[in-house]
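Given next are the chains, with one letter for each unit.
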Amino acid sequence: MLLELNDVHAAYGSTKVLNGVNLQVGEGSLVAMVGPNGAGKTTTLRTICGLLPILKGEIIFRGQRIDRMKSKDIVKAGISHCPEGRQIWPTMTVAEHLELGGYINSSTTCKSDIDRMYELFPILKERKKQLSGSLSGGEQQVLAVARALMSRPKLILFDEPSLGLSPKLVSEILMLVKKINAEEGVSVLLVEQNAKMALSIANDGYVLEKGFVTMRDKAEKLRNNDYVKKAYFGM
Ligand SMILES: Nc1ncnc2c1ncn2[C@@H]1O[C@H](COP(=O)(O)OP(=O)(O)OP(=O)(O)O)[C@@H](O)[C@H]1O
Ligand SMILES: [Mg+2]
């Protein structure tokens, strides 16, 4: 297993949010996590990248326990986070964001990686000197994805990459997530409100409800499950 969460508990102050999460991401796989608002999906990703301490359990990445490590060391170990709401700094340029994403690598590596991002995402090349606050929502999302790739991760955690995008851009951004997994060889843990589409590009799927994993299966099976259809596809 690339990533393993065993019985992970976490809380904000006295509010318990994760009540024993068990989750696995295999090498090279794309895993989707769906669930209602407030279930703890974002919190799960935040605990993996060391932004929130866990109260109990363990998180193992490439055979190493990471649940006591600093965020910066977790990035160095190979995990990159593409956070909810994109977290783009409006007064920084596109190029500066990419530099920030590659800060753990040498400046030569970072420079050549930026050129690669411009090849992968020509829109960012066109806008490289533009302030990020003036990018469209879809362009900002592409920038957030490129920034996450800059640390050369083994695993990317995507938190609602399609949030706020038009239906056409939703499928474009999810295809981009799929492409990063299939062509760049990066494993993916994808949290999405857009459950049907997320489960259609994933290998495995999890349903998180009230801080527990209530279902886990091959994504295709979950996609055809009556409960999942009713609760998460609105059908
Ligand atoms: N910083 C915080 N302080 C206190 N409570 C928080 C904090 N962040 C989240 N919570 C609470 O933790 C619970 C889980 O939140 P979380 O953001 O993980 O949910 P989610 O599954 O990502 O939901 P959504 O689909 O709406 O993004 C919610 O009840 C939320 O109010
Ligand atoms: Mg969330």
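What counts as what
Residues numbered from 1 in each chain as written. Chains lettered and ligands numbered in written order. Predicted model: local features only at pLDDT ≥ 70, side-chain atom pairs only at ≥ 80, totals over all residues. Heavy atoms only, no water. Helix = DSSP H or I, 4+ residues; strand = E, 2+ residues; numbered from the N terminus. Expected span 1.5 Å × (residues − 1). Buried < 20%, exposed > 50% of the residue type's maximum accessible area, 1.4 Å probe, protein only. Arc of directions from axis to C-beta. Polar contact = N/O pair within 3.5 Å; in protein donor to acceptor, adjacent residues only side chain to side chain. Donors = N, O, S within 2.8 Å, 3.2 Å for Na, K, Ca; no water. Pairing = 2+ DSSP bridges. Contact = heavy atoms within 4.5 Å. Axes fitted to C-alpha atoms, helices over the stretch in contact; angles between N-to-C directions. Salt bridge = Lys/Arg side-chain N within 4 Å of Asp/Glu carboxyl O.

Asks: Just checking my understanding: could you explain helix α4 (residues 107-120) for this structure?
Replies: Spacing of three or four residues puts side chains on the same side of an α-helix, whose turn is 3.6 residues. Given a rise of 1.5 Å per residue, 14 residues ought to cover 20 Å, and the 20 Å separating the end C-alpha atoms of α4 matches this to within 8%. Buried residues of α4: Cys110, Asp113, Ile114, Met117 and Tyr118, and no others. Angular distribution of buried residues about the axis of α4 spans 145°; they occupy a single face of the element. Of the exposed residues in α4, the ones pointing more than 90 degrees away from its buried face are Thr108, Lys111 and Glu119.

Asks: In this structure, what is going on with the environment of Lys41? I would like to understand it.
Replies: Turning to its location among the elements, Lys41 is positioned in helix α1 (residues 41-48). You can call Lys41 buried: its relative accessible area is 6%. Considering only alpha carbons, one finds Lys41 and Gln141, 100 residues apart in sequence, at a separation of 19 Å. Among the polar contacts listed, one links the side chain of Lys41 to the backbone oxygen of Pro36, at a separation of 2.9 Å.

Asks: When you look at the coordination of the magnesium ion (ligand 2) in this model, what are you seeing that I'm missing?
Replies: Taken together, the protein donors to the magnesium ion (ligand 2) comprise Thr42 (OG1) and Glu84 (OE), at separations of 2.0 to 2.5 Å. Of this pair, Thr42 sits in helix α1 while Glu84 sits in the loop between β6 (79-82) and α3 (94-101); the two residues are 42 residues apart in sequence, bridging distant segments of the chain. According to the relative accessible area criterion, Thr42 is partly exposed, its value standing at 23%.

Asks: What is the right way to read the sheet that holds strand β5 (residues 64-65) from this model?
Replies: In sheet architecture, strand pairing relies on hydrogen bonds along the backbone and comes in two forms, parallel and antiparallel. Taken together, four strands build an open sheet; the order of strands is β2-β1-β4-β5 and the sheet is antiparallel. Lying at the two open borders of the sheet, with one neighbouring strand each, are β2 (15-25) and β5. Of the pairings in the sheet, the one linking strand β1 (residues 3-12) to β2 comprises eight bridges and is antiparallel in character. Bridge pairing links Leu5 to Leu23 in β2. On top of the sheet, α1 reaches β1, β2 and β4 (56-61); it is set at about 110° to β1, its chief contact.

Asks: Which parts of the structure should I look at to understand unusual backbone geometry?
Replies: In terms of backbone geometry, most residues other than glycine have negative phi values and most peptide bonds are trans. With phi around 55°, Arg152 is a residue other than glycine that occupies positive phi space. Positionally, Arg152 belongs in the loop between α6 (137-149) and β7 (155-159). The class of Arg152 is partly exposed, set by a relative accessible area of 48%.

Asks: Looking at this structure, how should I read the pattern of salt bridges?
Replies: Between side chains of opposite charge, a pair can form as their charged atoms come close. Within the structure shown, the criterion is met by eight salt bridges. Here Lys56 ties to Asp7 by a salt bridge, and the two come within 3.4 Å at their closest N and O atoms. Taken together, the residues Lys56 in strand β4 and Asp7 in strand β1 connect sequence positions 49 residues apart. By relative accessible area, which is 47% here, Lys56 ends up partly exposed. Measuring nitrogen to oxygen at the nearest pair gives 2.2 Å for the salt bridge that ties Arg116 to Glu184. Of this pair, Arg116 sits in helix α4 while Glu184 sits in helix α7 (residues 167-184), and the two are 68 residues apart along the sequence. One connected set of salt bridges, linked through shared partners, spans Glu58, Arg65 and Asp67.

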